[in-house]
Amino acid sequence: MTTASQASSDHVPPVWEVERFWVLGQGVTLLADHDNTTGSLTLIEAITPPYADGPPPHYHNNCDETFHLLEGRLELMRGDEWRTLQPGQAASVPRNVVHTFRNPSSTPARFLSAYTPGGFGRFFRDFGAPADDFATPPPNVDARTIERLLATSANYGMIIPSPYT
């Protein structure tokens with residue numbers, strides 16, 4: 001006979017290690033993904049350096065994204081509107097809405113970004129450069145990196161509209 005605690009523990013994913021990547025000059029820690037959240041969520045912690053831009057304006061055709069600012073300041077573009085997030089504030093971006101972000105301040109911006117449903121972590125694994133820590137400078141973002149981004153992103157439901165394509 002199976003007890004309730006045995007039955008529920010059969011469905012609990014094992015403990016996993018986080019993964020760290022450099023992605024377009026930002027430090028990204030993949031905290032949870034499709035495989036360890038039964039498909040429901042991808043969760044990252046990102047560090048955007050001072051005065052740095054995030055990715056080119058883009059949208060996700062297969063997931064919604066929510067930003068939660070932990071430290072610093074973050075300006076989030078959602079559609080045609082920019083809004084500034086302060087620590088403790090959050091904003092969501094539904095799928096198919098163009099968005100990007102930037103750090104307008106002299107200190108790093110640290111935030112959580114959740115993608116629902118899960119699966120977008122595969123993009124970070126495929127596109128990002130593995131990072132042991134974020135103490136060393138990130139790899140340069142050059143024309144070749146942007147070409148690779150344009151070639152890779154659509155494979156994960158991340159669409160970068162003109163003028164980048």
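Residues numbered from 1 in each chain as written. Predicted model: local features only at pLDDT ≥ 70, side-chain atom pairs only at ≥ 80, totals over all residues. Heavy atoms only, no water.

Read from one edge to the other, the open sheet built from 7 strands follows the order S8-S5-S10-S3-S2-S1-S11, with strand pairing classed as antiparallel. The open sheet terminates on both sides in strands that have one partner only, identified here as strand S8 (90-93) and strand S11 (129-130). Relative to S11, strand S1 (residues 19-23) is paired through 2 bridges, and the arrangement is antiparallel. The residue of S11 that forms the bridge with Phe-21 is Pro-130. (Pairing = 2+ DSSP bridges. Helix = DSSP H or I, 4+ residues; strand = E, 2+ residues; numbered from the N terminus.)

A side chain of one charge can pair with a side chain of the opposite charge when the charged atoms of the two come close. Scanning all chains against the criterion turns up 7 salt bridges. Residues Arg-110 and Glu-45 are paired through a salt bridge, measuring 2.8 Å at the closest nitrogen-oxygen approach. Placement of the pair is Arg-110 in strand S10 (residues 109-116) and Glu-45 in strand S3 (residues 42-48), with a sequence separation of 65 residues. Accessibility expressed as a relative area gives 24% for Arg-110, which makes it partly exposed. With a shortest N-O distance of 2.5 Å, Glu-75 and Arg-102 are connected by a salt bridge. Of the two residues, Glu-75 is situated in strand S6 (residues 74-78) and Arg-102 in strand S9 (residues 99-102); the sequence distance between them amounts to 27 residues. The exposure class of Glu-75 is buried, given its relative accessible area of 14%. Residues joined in a network through salt bridges with shared partners are Glu-19, Asp-33 and Arg-125. (Salt bridge = Lys/Arg side-chain N within 4 Å of Asp/Glu carboxyl O. Buried < 20%, exposed > 50% of the residue type's maximum accessible area, 1.4 Å probe, protein only.)

Scanning the entire structure with this criterion turns up 11 aromatic pairs. An aromatic cluster is defined as three or more aromatic residues linked by ring pairs; in this entry it consists of Tyr-115, Phe-120, Phe-123, Phe-124, Phe-127 and Tyr-156. Sitting over the face of the ring of Trp-82, Arg-102 holds its NZ or CZ atom 3.7 Å from the ring centroid. (Phe/Tyr/Trp six-rings, centres within 6.5 Å; stacked < 30°, edge-to-face > 60°. Lys NZ or Arg CZ within 6 Å of the ring centre and 35° of its normal.)

Attention shifts here to the nonpolar core. Generally speaking, a soluble globular protein has its nonpolar side chains buried in company with each other. With 27 residues, the main nonpolar core has Val-23, Phe-67, Phe-123 and Phe-124 as its most contacted residues. The set of elements that each furnish at least two residues to this core consists of S1, strand S2 (26-32), S3, strand S5 (64-71), S6, S8, S10 and helix H2 (121-127). Discounting chain neighbours no more than four positions away, the residues touching Phe-123 are Val-23, Gly-128, Leu-149, Thr-152, Ser-153, Tyr-156 and Met-158. (Core = buried A, V, L, I, M, F, W, Y, C linked by side-chain atoms within 4.5 Å. Contact = heavy atoms within 4.5 Å.)

The next point concerns unusual backbone geometry. Look at the link from Thr-116 to Pro-117: it is a cis peptide, with omega at -5°. Note on placement: Pro-117 falls in the loop between S10 and H2. For Thr-38, which is not glycine, the phi dihedral falls at a positive 50°. Relative to the helices and strands, Thr-38 is located in the loop between S2 and S3. Overall, Thr-38 belongs to the exposed group, its relative accessible area being 67%.

The share of residues in the protein with pLDDT of 70 or more is 90%, and the mean pLDDT across the chain is 91. Segment residues 1-7 is flagged for pLDDT under 50; beyond a separation of four residues in sequence, or across chains, it makes 2 contacts in the model. (pLDDT = per-residue confidence, 0-100.)

Our next topic: the side chain of Ser-113. Along the chain, Ser-113 turns up in strand S10. Sequence-distant contacts of Ser-113, defined by excluding residues within four places in its chain, comprise Thr-42, Leu-43, Ile-44, Glu-65, Thr-66 and Phe-67.

We now examine the environment of Ala-90. Structurally, Ala-90 is set in strand S8. For the pair formed by Ala-90 and Thr-66, sequence separation is 24 residues and the distance between their alpha carbons is 7.1 Å. Excluding its chain neighbours within four sequence positions, the residues that come into contact with Ala-90 are Phe-67, His-68 and Leu-85.

When we look at burial in helix H3 (residues 143-153), the residues that qualify are Thr-145, Leu-149, Thr-152 and Ser-153. Down the axis of H3, the buried set is contained in an arc of 85°. They therefore lie on one face. The outward face of H3, more than 90 degrees from its buried face, is lined by the exposed residues Ala-143, Arg-144, Glu-147 and Ala-151. Of the surrounding elements, those touching the buried residues of H3 are H2 and strand S12 (158-159). (Arc of directions from axis to C-beta.)

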